[in-house]
Amino acid sequence: MFGYININQKELSEENKKAYQAYYCGLCRRLKTNCGAKGQMLLNYDMTFLIVLLTGLYELENETSEVICALHPTKKRTVWMNKATDYAADMNLILAYHNLIDDWKDDKAYPKKALAKMLDKDYNRIKSKYPRQVNAIETYMCKTEEVEKRQESNLDLVAGLTGEMLGEVFCWREDEWTEELRTLGFYMGKFVYLMDAYEDYDADVAKNAYNPLAFVRKEQEQDLDTWCKLLLTSMMSECAKSFERLPILMHADILRNVLYSGVWTKYEYLQLKKRKTEEKTKKKSRK
């Protein structure tokens, strides 16, 4: 479920690109500090959005440093870290842990099971620190496994599980912004689930794996691509409404870039990939 909450680099200023990268590098450094090189292997851009969101909302002060990155050794990297970085790193680890366990169950990937085992100590540390969020993620994993086993056809119900889980993750603190952050996270989670199902649809159908869009396709007269685009647009519209109700000025341009443009980059890539596949098929049929 990772890889959908990102920036659109083409539409972002150089200053904002550097800021976003500084938060990303901060997340990487915090994962390394907390659990070594194995932590860095779990790094993803999705939690960087959460750092920028919480930093902007609570107007957190950054600690700035310059470091040499092993992957980019020729130039020092600017690193920004704050309390939201610590929180996002912990959530990153918990989500990645369950992703590894899920992959192990699906594909019997022993290296992923071994890596998950190595994270047990960190997992327990974070659970004692953030029991509400970790319990929400654990509940989500159990319920998701149940709906897959019974081949649940109600897409709204299934996507809502991801929404409920991400809603709790977005709620860092219990305060006056809790419900708005929970709402933003809820619709973002539904968007992420639908995008994941949309991306995996052809592969899941080919191997007869569970995908709720297969039930949708049987019931809908409308083209599946068009139907998915309309639903995805609806989800992001609700996310944007919640964001605009929050009093965020700091990094607002970066956050709007993600919400109005960045989240669509993967969809546009998938559409381009489909068109190329269709063109190849047409060329072969003409021969």
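Everything that follows concerns the structure shown earlier in this document.
Every residue gets a number counted from 1 within its own chain, in the order that chain's sequence is written. The model is predicted, so local features are restricted to residues of pLDDT at least 70 and side-chain atom pairs to those at 80 or more, both for listing and for counting; the totals for chains, interfaces and linings are taken over all residues. The side-chain figures draw on all heavy atoms in the structure; neither hydrogens nor water molecules are used.

(A) Quick peek at the nonpolar core. Judged by nonpolar contacts, the single largest core of 87 residues is most densely connected at Phe49, Leu53, Met188 and Leu213. Contacts between residues were defined by any pair of non-hydrogen atoms, one from each residue, lying within 4.5 Å. Those residues in contact with phenylalanine 49, other than ones at most four positions away along the chain, are Ile5, Tyr20, Phe170, Met188, Leu255, Val258 and Leu259. Residue types Ala, Val, Leu, Ile, Met, Phe, Trp, Tyr and Cys, when buried and joined through side-chain atoms within 4.5 Å, form a set referred to as a nonpolar core. The buried label applies to any residue whose accessible area, calculated with a 1.4 Å probe on protein chains only, is under 20% of its type's maximum; exposed applies above 50%, and partly exposed to all values in between.

(B) Fine view of the packing of aromatic side chains. Any pair of Phe, Tyr and Trp rings, taking the six-membered ring for Trp, is counted once the centres come within 6.5 Å. Such a pair is stacked with planes under 30 degrees apart, edge-to-face with planes over 60 apart, and tilted for the rest. Across all of its chains, the model carries 13 aromatic pairs by this definition. Measuring from ring centre to ring centre gives 6.0 Å for tyrosine 20 and tyrosine 45, while their planes differ by 10 degrees; the resulting arrangement is stacked. Of this pair, tyrosine 20 sits in helix 1 (residues 14-35) while tyrosine 45 sits in the loop between helix 2 (37-40) and helix 3 (46-58), and the two are 25 residues apart along the sequence. On the accessibility criterion, tyrosine 20 (2% relative accessible area) is buried. Taking 4.5 Å as the distance between ring centres and 45 degrees as the angle between the ring planes, the aromatic pair formed by tyrosine 97 and tyrosine 123 counts as tilted. Here tyrosine 97, found in helix 4 (residues 83-107), pairs with tyrosine 123, found in helix 6 (residues 120-129); they are 26 residues apart in sequence, far enough to count as distant. Take tyrosine 123: its relative accessible area is 6%, and that puts it in the buried class. Three or more aromatic residues joined by ring pairs make a cluster, and in this case those are Tyr58, Tyr87, Tyr130 and Trp172. Strands here are runs of E lasting at least two residues and helices are runs of H or I lasting at least four, both read from the DSSP assignment and numbered beginning at the N terminus.

(C) Up close: helix 7 (residues 131-149). The span expected for a helix works out to 1.5 Å for each residue beyond the first. Here helix 7 spans 27 Å end to end across 19 residues, near enough to the 27 Å set by a 1.5 Å rise per residue. Inspection of helix 7 places Gln133, Val134, Ala136, Ile137, Glu138, Tyr140, Thr144 and Val147 among the buried residues, and these make up the whole buried set. Of the surrounding secondary structure, the elements contacted by the buried residues of helix 7 are helix 4, helix 6 and helix 8 (155-170). Glutamine 151, located one to two residues past helix 7, shows a positive phi value of around 55 degrees.

(D) Structural view of the pairing of strand 2 (residues 72-81). As judged from the six bridges shared by strand 1 (residues 63-69) and strand 2, these two strands associate in the antiparallel manner. Note that in strand 2 the partner of cysteine 69 across the bridge is histidine 72. Between any two strands, pairing holds if DSSP finds at least two bridges. If you look at the hairpin formed by strand 1 and strand 2, you'll find two residues sitting between the two strands.

(E) Local environment of the packing of helix 8 against helix 9 (residues 178-206). Only C-alpha atoms enter the line fits that serve as axes; for helices the fit covers just the stretch in contact. Angles between N-to-C directions range over 0 to 180 degrees. Contact geometry for helix 8 and helix 9: axes closest at 6 Å, N-to-C directions at 135 degrees. Here helix 9 runs oblique to helix 8, going by the angle between their axes. Relative to helix 9, the crossing made by helix 8 is right-handed. Within the contact between the two elements, helix 8 uses Leu155, Asp156, Val158, Ala159, Gly160, Thr162, Gly163, Glu164, Leu166, Gly167, Glu168 and Phe170 and helix 9 uses Leu181, Arg182, Leu184, Gly185, Phe186, Met188, Gly189, Lys190, Tyr193 and Leu194. For classification purposes, angles smaller than 35 degrees are called roughly parallel, those larger than 145 roughly antiparallel, those between 65 and 115 roughly perpendicular, and all remaining angles oblique. Helix crossings fall into two classes, left-handed where the near helix is turned counterclockwise from the far one by less than a right angle and right-handed where it is turned clockwise.

(F) Geometry of unusual backbone geometry. Phi is positive for asparagine 208, which is not a glycine, with a value near 60 degrees. Even without a glycine there, the phi angle at histidine 251 is positive, about 65 degrees. Topologically, histidine 251 is positioned in the loop between helix 11 (224-245) and helix 12 (252-260). Accessibility expressed as a relative area gives 16% for histidine 251, which makes it buried.

(G) Representation of a positive patch on the surface within the structure. Patches here: salt-bridge-free residues with over 30% relative accessible area, like charges joined within 9 Å, nonpolar side chains (Val, Leu, Ile, Met, Phe, Trp, Tyr) joined within 5 Å. Working definition of accessibility: Shrake-Rupley area with a 1.4 Å probe, residue cover restricted to the visible protein chains. What counts as a salt bridge is simple: a side-chain nitrogen of Lys or Arg found within 4 Å of a carboxyl oxygen of Asp or Glu. Counted as positive: Lys and Arg. Counted as negative: Asp and Glu, with His and the chain ends omitted from the count. A single reference atom marks each charge: NZ on Lys, CZ on Arg, CG on Asp, CD on Glu. Among the surface-exposed residues, Lys276, Lys280, Lys282, Lys283, Lys284 and Arg286 lie close enough to one another that they form a single positively charged patch. As for its placement among the helices and strands, lysine 276 is situated in helix 13 (residues 265-286). Classification of lysine 276 by relative accessible area gives partly exposed; the value is 48%.

(H) Summary view of the environment of aspartate 225. Following the sequence through the fold, aspartate 225 ends up in helix 11. Here aspartate 225 is in contact with Tyr198, Tyr267, Gln271 and Lys274, once residues within four sequence places are set aside.

This is a description of form; function is not addressed.
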